[in-house]
Amino acid sequence: MKICMIGTGYVGLVSGACFADLGNLVVCVDKNKEKIDMLNEGHIPIYEPGLEEIVQKNHYSKRLKFTTDINNAVKTSDLIFICVGTPTLKRKNSANLSFVFKAASEIGKNIKKFKIIVCKSTVPVSTGDKIEKIISKKAKRKNFEVVSNPEFLREGEAIRDFRFPDRIVIGTNNKNVVRKLESLYEPLIKKGAKFFVTSRRGAELIKYASNAFLATKISFINEVANLCERTGVNVEEVAIGMGLDQRIGGRFLRAGPAYGGSCFPKDTKALTVTADLFKTDLSIIKSVIKSNDKRRLLLIRRIQKILSNGVRNKRIALLGVTFKPNTDDMRESSSPSIISFLSKKKAKINYYDPSGEKKEFSKLRNVFYCKSLKNACKNVDLVIIHTEWEEFKALDFNKLYKKKKFKIYDMRNLYSPELMKKKGFQYYSIGR
Ligand code: NAD
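In this text, all values refer to a predicted model and were calculated from it rather than measured experimentally.

Calculation notes
- Residues numbered from 1 in each chain as written.
- Predicted model: local features only at pLDDT ≥ 70, side-chain atom pairs only at ≥ 80, totals over all residues.
- Heavy atoms only, no water.
- Near = heavy atom within 4 Å.
- Polar contact = N/O pair within 3.5 Å; in protein donor to acceptor, adjacent residues only side chain to side chain.
- Areas by Shrake-Rupley, 256 points an atom, 1.4 Å probe, with all protein chains shown as cover.
- Buried < 20%, exposed > 50% of the residue type's maximum accessible area, 1.4 Å probe, protein only.
- Helix = DSSP H or I, 4+ residues; strand = E, 2+ residues; numbered from the N terminus.
- Arc of directions from axis to C-beta.
- 1 Å grid on protein atoms, 1.4 Å probe; cavity = no way out; pocket = protein on both sides within 12 Å on 5 of 7 lines; lining within 4 Å.
- Points joined across faces, edges and corners; volume = space filled by probe spheres on them.
- Phe/Tyr/Trp six-rings, centres within 6.5 Å; stacked < 30°, edge-to-face > 60°.

Peer 1: How do you make sense of the site of the ligand when you look at a structure like this?
Peer 2: Residues in contact with the ligand amount to 26 residues; listed here are only the nearest, Asp30, Lys35, Thr86, Glu155 and Lys266. Residue Lys35 places a side-chain N or O atom 2.5 Å away from an oxygen atom belonging to the ligand. Within the side chain of Thr86, a nitrogen or oxygen atom sits 2.6 Å from an oxygen atom of the ligand. Here the ligand, which alone exposes 830 Å², has 90% of that area covered by the protein.

Peer 1: Would you take a moment to explain helix H8 (residues 175-184) for this structure?
Peer 2: In an α-helix, one turn spans 3.6 residues; hence positions three or four apart end up facing the same way. When we look at burial in H8, the residues that qualify are Val177, Val178, Leu181 and Leu184. The buried side chains of H8 occupy one side of the element, clustering within an arc of 120 degrees when seen end-on. Counted as exposed and oriented over 90 degrees from the buried face of H8: Lys175, Asn176 and Arg179. The residue sitting at the N-terminus of H8 and contributing the capping side-chain oxygen is Asn174; that oxygen lies 2.9 Å from the backbone nitrogen of Asn176.

Peer 1: Where do I start with empty space enclosed by the protein in this structure?
Peer 2: Gaps left between atoms show up when a probe the size of a water molecule is rolled over them. In this structure the tally under the stated criterion is one cavity of 30 Å³ or more. Of the pockets and cavities examined, the largest cavity occupies roughly 30 Å³. Looking at the largest cavity, the residues that line it are Ser121, Thr122, Val123, Ser148, Pro150, Ala203, Glu204 and Lys207. When residues in the lining of the largest cavity are grouped by element, the largest group, three residues, is from helix H10 (residues 200-231).

Peer 1: Teacher, can you tell me more about the packing of aromatic side chains here?
Peer 2: The geometry of an aromatic ring pair is captured by the separation of the ring centres together with the interplanar angle, meaning the angle of the planes. Counted according to the given criterion, the structure contains 14 aromatic pairs. A ring pair is formed by Tyr401 and Phe406, whose centres lie 4.6 Å apart and whose planes are at 70 degrees; its orientation type is edge-to-face. The two residues Tyr401 and Phe406 agree in class, both being buried. Feature note: the residues Phe397, Tyr401, Phe406, Tyr415 and Phe425 constitute an aromatic cluster, connected by ring pairs.

Read these as geometric descriptors, not functional statements.
In structure tokens, the structure reads:
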């Protein structure tokens, strides 16, 4: 099939490359020329394990192209995927749909023969109706169909998630379009992915409801962890005990920092705003958002307490700053709020992240990027394990100590408190 991906970010690039790998002809479009030049030169603009190999292989075999020319890309494709960002509109908390609508208008100008327009961007319920209106205004006749196909891939595991999704959700009531998309996804359906067809609005809402539910699960266990800390109970054991109930399930029951990333914070906010517009109070999700905001402060207070309320002039190392491992994505990670607080309080912060230096910290005082974990931990008072990258999971802390013994705050519960105590470390974790 001839496919065009509009927006070559985490979603557009991963799914475009993987569609090409299934034998389709894919053209990835982005308005960011730098990004497209980079891709055409064989470099990958994001950190995503396994992606480079797939992109290079398919680019070389000419099944995958990169361009800034949206007009030609739309004209020559049958299936157009909208994969542009839908960030939070500051102050309003709703989803900023300007990129989606701009893409729709550009698609509309280039419809000569029948096209299926598939919205993969996460958009509030009823956005498909608006996309259809915009395209109708530009296109000469109704020679297109707008479908919702929300994306569920997780950064860091995106290739695996594309190849082995739990479900593929399609929102349309057009049977021909369903057949076409079923055949596009057939290789994944054959491997066990559930192909679920619903209304367009239904598909849009499934995406938001799923993310809001997962965010709720995280916030729920985070609050239980707070109670565990007061009662001497181990939250890991509570999570295991709860998760053994198949109605609950153990996944997403891991206490840690506030949830972050490019999806949960913005999607929970946008969902409550949409619900308000439809005069529905999603009070549970509103509480989740509040609880998550509070969590950022709570962990900062905990850091102060660990350092006996004296942060000034303390040297602190942060291991990992991304919101999760195997990605370079900093969107809504809790590390910027922690680091900027510590910097304001005149602490000296070293940070190390396997995905490299971050522009977010370049202007902060006393914040230093270290190229190695060893350097980051040299002569510090406290080491904070913020992101659970593999390389932080089996550290030899004795070797990392230089002259000074540091305290350890493990925000990901990677080590056993009992064992750490036995070894003589001053070790703190979450909910234990
Ligand atoms: P991103 O910011 O990484 O990429 C979006 C890209 O779209 C950018 O490169 C931008 O330059 C480009 N763009 C914007 N307007 C354009 C236009 N008119 N023409 C061409 N290119 C344009 O975003 P992302 O993380 O890939 O997310 C895209 C959508 O998918 C969002 O709605 C997001 O909520 C959703 N989503 C993201 C993830 C994830 O893990 N990142 C997972 C599931 C769903």
